[in-house]
Structures are given as C-alpha cells and as structure tokens.
There are 2 protein chains.
Amino acid sequence: MTLDNGRSKGRAVIAQVAQHAGVSITTVSHTLSGRRHVARATRERVLESIRELGYRPNQLARGLRTRQSLTVSLIIPDISNPFYPSVARGIQDVLKPHGYYTFLSNSDGEAASERLLIRDSIDRSVDGLIVAPFELAISDLGPLLNPSVPIVVIAPKAELPSNDPLQFDSVVTDDRHGVAEATRYLLRQGHRRIAFANGSGAPASERLAGFADTMRGAVGPFSEGLIVATAFTRQGGIDAARILLERQDRPSAIVCGNDLMAIGVLDVAREIGLAVPGDLAVIGFDDIDAAELASPALTTVVNPAYALGRSSAELLLSRLVGDYTGPAREVVVPTSFVIRASA
Amino acid sequence: MTLDNGRSKGRAVIAQVAQHAGVSITTVSHTLSGRRHVARATRERVLESIRELGYRPNQLARGLRTRQSLTVSLIIPDISNPFYPSVARGIQDVLKPHGYYTFLSNSDGEAASERLLIRDSIDRSVDGLIVAPFELAISDLGPLLNPSVPIVVIAPKAELPSNDPLQFDSVVTDDRHGVAEATRYLLRQGHRRIAFANGSGAPASERLAGFADTMRGAVGPFSEGLIVATAFTRQGGIDAARILLERQDRPSAIVCGNDLMAIGVLDVAREIGLAVPGDLAVIGFDDIDAAELASPALTTVVNPAYALGRSSAELLLSRLVGDYTGPAREVVVPTSFVIRASA
DNA sequence: ATGAAAGCGCTAACAC
DNA sequence: GTGTTAGCGCTTTCAT
C-alpha cells in the first residue's frame, strides 16, 4: 500500500484528510489555499475532516514545492549587545504579520562567520536576509548571493565611491553626521582638547570621520593621540579611557564610538576621581536603555534601533511580496542628539 | 525531459552534479553524507563537480526527507526585555555548533500568541522548542505537542502538586528562594515595613511567595497593602512606587519583581526626594546589565540568564541527538544575591 | 467542480 | 562499489 493511512500516531497528512473526506488530495489543497473554487458542500466536508484529524499542513513540504519558505534570516554581531534586540524586534514586528518567521544568528562580528551564516541561511532556503555586517565589506556580499535572494543590509551610511551604484537595499544611519553634531556641541561648550574613543569594524570609520572632519574644521590639525581605537564594549571604553586620561595633556572631553564604551569611560573617570562633566565631558552613541541610567546620564547620539529594524524589514518585504523589483534603494534613518548630564 | 539540466542560472541541484560527474544521484548523496563507501576516484570526481558547480544541498528537501530540519524554535515574551538576549545567546552558543538554527519569536506574554507560536513552529517542522511561557500554564502545553517534538520550558521553579509528575524537561530558577534571601537581608538590616512590587504572569507568583513566606515568618501577618502588582516594566515600577509611597505609613524598603521595576521605583524615589537607600531601600531581581548602572547601583537577585539559556539548550540537545529518551528532567539553576548600593 | 499525476530536491531501502 | 526507485508532503499543471 502506498498510502500510509490509519497512522494512528503522529501528524495527519493531506492524503489522510482527502481519504477521510472522500475527495482527492488536490481538492483538499485547494480548499485550503482557495486558489480554485470548491463546491460548498465539498468544502464543508473537507474542513470537517481537517478539524477531526487535526490536520496542519507541513510547511517544509509546502516550501519545497512552492519555493517559498516564509522564513527570513537575521544576522547580527551579537544579540547580547543591547543595541540589537530592538533592531530584531522592529524586524519581527513587521515581518510576523505577513507570516514570516525569523532565524536569528550571531556572527560575533567575524567575517568568516558572517560569510558562513549567509551561505547556510541560503541553504535553508530563506526568502530573504537582513544582515548587519561588522567585518564583512558590503562588496563581499555579492558572490555569496548567487541565487538572487533579496538581502538588505543595515549599516552606517557609507561613503561609497559614487561611481559604483548601490548593490543592495540598505538602511543606513548618518553616523558621521551624528558624531559631528555631538562634536560641535562640545566645541560650542568651549572644549578644545576633545578625544575620540573608537571601536572597530563597520560602524567605526564613519563615526570617526564625523569626529575628525568636525575637529579639523574647527581647530585645525589635531593630535593623532586623541584618537584611540579599542572595541565597542564597556571594557573597550575602559581601555581607551586609561590611555587617553594618562596623557599629560589629557582631553577635557571624550566622544565615544558607542554607549557601552562611554559607560566604560565613566567607570575609569569615577575610579580616578574625575568629575563628569566637570573635569571630563563624555558623549556616547546609540542611546541604549542603559544610557539614561548611567550616572551621570549619558549625553548621546540616538541610533534608532527599532526604526532601523522596521525599515529594513519593510524594504525586504516589498521585494518578498513582489511589489518591488527595481534597483537597490537606500533609506536613511536620521540620528538625533540627546543632551543629558554627561556633557 | 524530466531533468532540468543545464539550468545555467540559479542553484545547482544534486542531479546536475551527478550528471556532471557521470555518476548516479545516490553516489553524490553518499559522498556527501559519508554513509556508504565511495571509491576514492569517484569521490574525487564528485567533489570536483560539486566545487565546479558550486553545489550546496537544499536543506528544506533534506529536512523533508529525513524528518530533521536542524531547526529549533525559541519563544520568549520579548527580546527587547534585557533579560532575554542573554538567554537567547546561551541557547545559540550550544545549539549552533551542532548545526541547529534558531527561530526567534516574541509572544508579548500573551497566552494566545504563545499557543499560536508553538503550533506554527511545529508546522515548520522544528526539531525542538524552547519556551519561556509567561501566560500559558505548563499544563496547557501538552495538547499542543501532539507529534511529540521535544520541548523544554524555562520557568520559575514551580510548586507543582507533587502527585503529578514533571511533564516536560525544564530549567528553573529558584525565584522563591532568591526573593526570600533578599527579604531576609532587609529584615537583618532592621527593616520591618517592607513592600513588594510585583509584576504579573508566570514569574510573579513564586517571587511573591518568597517574599510573603519570609515576611510572615519574621513579622507575622502583614498588611496586604504592602503588596502591589503592576507590570514587569519600568513603568510598572513607577506605578507601583506611586501607590506604595503615597501611604501614610510608607514602607522603608521595597523588593521588586524585577530590575526594570526597581529602576522605576528609583525614578519616583528621586522624583519625590527620597534618598536611596537612606529613606528607602530598593532591591531588584534578574541582575540585568542596567542594574549595575542604575544609581544607586541595584542590590538584586541574580537570575543567570545565560546559564539558563545554555542549560535549556543542553537539555534539548540531549533529546535531539537521541542519547536521552527518558522521563522529563528538571535542572535548577541557582540564583545568587548581589549587594550593591540600593539596599 | 474535481482528479490524476508530475515533481520540488533530497535520502535510503533494495537491488546487483 | 554503484545504480534504480520509491517516497518525504505538498502544489499545480493538465485533463475531463
């Protein structure tokens, strides 16, 4: 017998429903999908069988057949970094209502890992990808995307050579502008010896540029020693602060690559007895929840994580549901600047 | 022609590899899986074809056939709640090395949503589930799990009627004990009017019990008014504090259902000019990153999120790889108590 | 208004 | 050591 009917245990499959209702598999399929008319009486009967058997369609099988898995993959550096949960939430809030499930993977910012995760995701037939690359250059993405699955990248607004066109949909924040605004604020307060505590990876360069551009414009060439790069973590901030604050001519203000680093800077300021903002002004980036909680509360550039998530998902969705097939788009999500107590 | 060969675009499939290498599909499959010996020369040829065509097996098809999707579903209330990212990270850190991908879904703590997500996950043929139920009672899970897919629940240690046995693998924290410890600490400091600001949902009852038990033991029956239940959020803490601190005989200490609430309590203490811990001692629960950052830094019960994640994934994994098929297990992850500045 | 049958891309008996 | 073939559970031509 070809049909494993009467399998009393386990999930019912479509063939059992068909037999139970006395119709063909095709008819069951169509009463479910509504893609073809089914006589009222037949439909009722099928529906009743479905209920009785507790039938639920197997999405794997469906996906194999339709080439649509209703699945999306989100690849970020680390969900433990408080910036990303909101991004993830924003994405899911727009995707879930459309029936998409989301794979979440942490790349730890390693290029090899990012590459692997993209490949693996595609192997799993995801319908789309949202990637926040950290080490991987955007130009590296192309070759990985052989079968053209839509991807949107979340990144700092890139200073891309204007000759090569946008390759992928992307949602970007104007990190450069955000840091510039923060730096100008400090300048206006009269600070002149301002340092920049940077992390590494994708977000680092634009943030640095925003700082360096502004400083050069205002005070001319400035000491290289005022720029130090560690990591985008609290410890990174601690390390950077130790270096910066040991200088004989220590800075009166430090702009940080992100809030986590700023919190680290606050740690060492407290440790060595520097009053913030009296002796040292500190500015962060991101505006994670903890920024407001730090003492003093962090003055920071807000990186709208949730909005970033939503926008990227909307971009992706427009391709998934097929109402957009045009060239790559870039949506810029504006940053803003929030003045609290640390500067 | 049955075989869609020469499809110059898109992904190569196994049949193309087979043809290119001049072998059968079976042989390709076996050189990949290693589940049957393939002559060295043949294998080399196949491998070369695979490389040349850039072939990658379709995991959906594989999953359909093998009934193993290498996929796990994680259902939590909200990834934006700072407690959960570490849980998620812990899970992924143990699952990913074994090839499992993780679906992440937010239930927002609604029973209907939790139920739906479990069903949908199963429809997608996940190999296992990890659920942190908020509204859904554990006993509600049974019916949803018709085809026995392994599930592990992350929950506060339940006071289950000792007659009915454990139904599912679970990893629990001894919330009751944790809160009791915190309460005893306050008692030892001489506090007598101690209030409890609770949230709602699964974690609420055990935490309350830990408080109430201890209080009754120490000071006898105490005013019901000292217990208020709002929500496990910062705003919930604010609401609770307003109620509690308006009393003519306001408490000298408040134990909170979680850190977010404690932070909210701190907000109103500051607002109405109460010194913490001088005028009011505050204790939280969870020890999220922000707890240390709050001012004053929160004295709190540490709920080891990352360990919870790891343990639950290990429990699940033991069933997935099939070396455990016994009865449901419960692993208790101990809480600890960290004394900082708020109490 | 409904069915038969082909096949999505793969694995695994069952041959030889 | 390798190939043939029958599915996994579904959707979708193509018939009638």
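Keep in mind that this is a model prediction, so the values were computed, not measured. Starting from 1, residues in each chain are numbered consecutively following that chain's sequence as written. Chains carry letters from A onward and ligands carry numbers from 1 onward, assigned in written order. In view of the model being predicted, local features appear only for residues whose pLDDT reaches at least 70, and side-chain atom pairs are presented and counted only at 80 or more, with totals across whole chains, interfaces and linings using the full set of residues.

### Quick word on the overall build of chain A
(1) Moving on: Put simply, DSSP H or I for four residues or longer makes a helix, DSSP E for two residues or longer makes a strand, and each gets a number counted from the N terminus. Counting its regular elements, chain A contains 13 helices and 12 strands.
(2) Moving on: Relative to the 2.2 N^0.38 estimate, which gives 20 Å for 343 residues, the radius of gyration of chain A is 26 Å and therefore markedly larger than a compact globule would have.
(3) Moving on: For chain A, the spread of C-alpha atoms along the three principal axes comes to 90 × 45 × 35 Å.
(4) Moving on: For chain A, the proportion of its 343 residues judged to be buried stands at 48%.
(5) Moving on: Put simply, 70% of the contacts in chain A that link residues at least 6 apart link residues at least 24 apart. Each radius of gyration reported is based on C-alpha atoms, and the globular scaling rule is 2.2 Å times the count of residues to the power 0.38. Here a residue counts as buried when 20 or more other C-beta atoms fall within 10 Å of its C-beta, as exposed when 12 or fewer do, and as partly exposed in between; the C-beta atoms come from the backbone. For every residue pair, C-beta atoms are placed from the backbone, and the pair is scored as a contact if these atoms sit within 7 Å.

### Considering the sheet that holds strand 10 (residues 299-302) of chain A
Residues and elements named next belong to chain A.
(1) Moving on: Pairing between strands requires that DSSP locate at least two bridges from one strand to the other. Ordered in space as 7-6-8-9-10-12, the 6 strands form an open sheet in which the pairing is mixed. Two strands bound the open sheet, and with one partner strand each, they are strand 7 (227-229) and strand 12 (336-338). Each neighbouring strand pair of the sheet contributes to a mean axis angle of 20 degrees, computed without reference to strand direction.
(2) Moving on: Think of each axis as a best-fit line through the C-alpha atoms, taken over the contacting stretch in the case of a helix, with angles from 0 to 180 degrees between the N-to-C directions. Contacting strand 6 (194-198), strand 8 (253-256), strand 9 (281-286) and strand 10, helix 11 (residues 259-271) crosses the sheet at an angle of about 155 degrees to strand 9.

### Points about the domain arrangement of chain A
Residue and element names in this part refer to chain A.
(1) Moving on: Domains are outlined according to an automatic or database domain assignment. Taken domain by domain, chain A consists of domain 1 (10-66), domain 2 (71-173 + 305-334) and domain 3 (176-302).
(2) Moving on: On a C-alpha basis, the centroid separation for the pair domain 2 and domain 3 is 29 Å.
(3) Moving on: At the junction of the two partners, domain 2 supplies 10 residues and domain 3 supplies 10 residues.
(4) Moving on: Tallied by class, the residues present in the side of domain 2 that touches domain 3 amount to 6 nonpolar, 2 polar and 2 charged. Three categories are distinguished: nonpolar for Ala, Val, Leu, Ile, Met, Phe, Trp, Tyr, Cys and Pro, charged for Asp, Glu, Lys and Arg, and polar for the others, with Gly belonging to the last.

### A short note on the packing of helix 5 (residues 84-95) of chain A against helix 13 (residues 305-320) of chain A
When two helices pack together, their arrangement is given by the angle between the helix axes and the distance between those axes.
Residues and elements named next belong to chain A.
(1) Moving on: One way to put it is that helix 5 packs onto helix 13 with a least axis distance of 7 Å and a crossing angle of 40 degrees. Put simply, helix 5 runs oblique to helix 13. Where helix 5 crosses over helix 13, the handedness of that crossing is right-handed. Listed contacts from helix 13 to Ser86, Val87, Ala88, Arg89, Gly90, Ile91, Asp93, Val94 and Leu95 of helix 5 are Ala305, Tyr306, Ala307, Leu308, Gly309, Arg310, Ser312, Ala313, Glu314 and Leu317.
(2) Moving on: Of the residues that constitute the contact of helix 5 with helix 13, the class distribution is 11 nonpolar, 4 polar and 4 charged. Each angle receives one of four descriptions, namely roughly parallel if under 35 degrees, roughly antiparallel if over 145, roughly perpendicular if within 65 to 115, and oblique otherwise. Throughout, a crossing is termed right-handed when the near helix is turned clockwise from the far one, and left-handed when it is turned anticlockwise from it by less than a right angle.

### Let's talk about the protein's contact with DNA strand D
(1) Moving on: By nearness alone, 30 residues border DNA strand D, and Ile14(A), Ala61(A), His37(B), Ala39(B) and Arg65(B) come closest of all.
(2) Moving on: Per-element tally for the surface near DNA strand D: the top contributor is helix 2 (residues 25-33) of chain A, with 6 residues.
(3) Moving on: Of the residues in the surface near DNA strand D, the class split is 12 nonpolar, 12 polar and 6 charged. Here, nearness means that the C-beta atom of a residue, built from backbone geometry, sits within 6 Å of the molecule or strand in question.

### Quick look at the confidence of the model for chain A
(1) Moving on: Looking at any residue, its pLDDT shows the predictor's confidence there, from 0 to 100. In this model, chain A carries a mean pLDDT of 92, and residues with pLDDT of at least 70 account for 95%.
(2) Moving on: In the predicted structure, residues 1-7 of chain A sits below a pLDDT of 50 and forms 3 contacts with residues beyond four places in sequence or in another chain.

### With respect to the sheet that holds strand 9 (residues 281-286) of chain B
All names here are of chain B.
(1) Moving on: Strands sit in the order 7-6-8-9-10-12 across an open sheet of 6 strands; the sheet is mixed. Strands with a single pairing partner mark the edges of an open sheet, and in this sheet they are strand 7 (227-229) and strand 12 (336-338). Averaged over all adjacent pairs, the angle separating strand axes in this sheet is 20 degrees, with direction ignored.
(2) Moving on: Bridge analysis of strand 6 (residues 194-198) against strand 7 gives 3 bridges, and the strand direction is parallel. Residue phenylalanine 196 lies in a different strand from strand 7, and its bridge partner there is isoleucine 227.
(3) Moving on: Against the sheet, helix 10 (residues 234-246) touches strand 6, strand 7 and strand 8 (253-256), its axis set at about 150 degrees to strand 6.

### Observations concerning the nonpolar core
(1) Moving on: A set of buried Ala, Val, Leu, Ile, Met, Phe, Trp, Tyr and Cys residues, joined to one another through C-beta atoms within 7 Å, is what we call a nonpolar core. The biggest cluster of nonpolar side chains holds 166 residues, and the ones touching the most others in it are Val255(A), Val265(A), Val282(A), Val265(B) and Val282(B).
(2) Moving on: The contact partners of Val282(A), leaving out residues within four places of it in the chain, are Ile254(A), Cys256(A), Ala262(A), Val265(A), Leu266(A), Val276(A), Ser342(A) and Ala343(A).
(3) Moving on: Judged by nonpolar contacts, the second largest core, of 7 residues, contains Ala18(B), Ala21(B), Val46(B) and Ile50(B).

### Concerning the relation of the copies chain A and chain B
(1) Moving on: We place the copies in one frame by least squares, fitting the C-alpha atoms of every residue whose pLDDT is at least 70 in both. Expressed as a screw transformation, the operator carrying chain A onto chain B has a rotation angle of 180 degrees and an axial translation of 0.0 Å, and the superposed copies differ by an RMSD of 0.0 Å. As the rotation angle and translation indicate, the two copies are arranged about a two-fold axis. When C-alpha distances to the rotation axis are compared across chain A, the minimum falls at Phe103(A), with a value of 2.2 Å.
(2) Moving on: An overlap of 100% is found between the interface residues of chain A and their copies at the interface of chain B, pointing to a shared contact surface.

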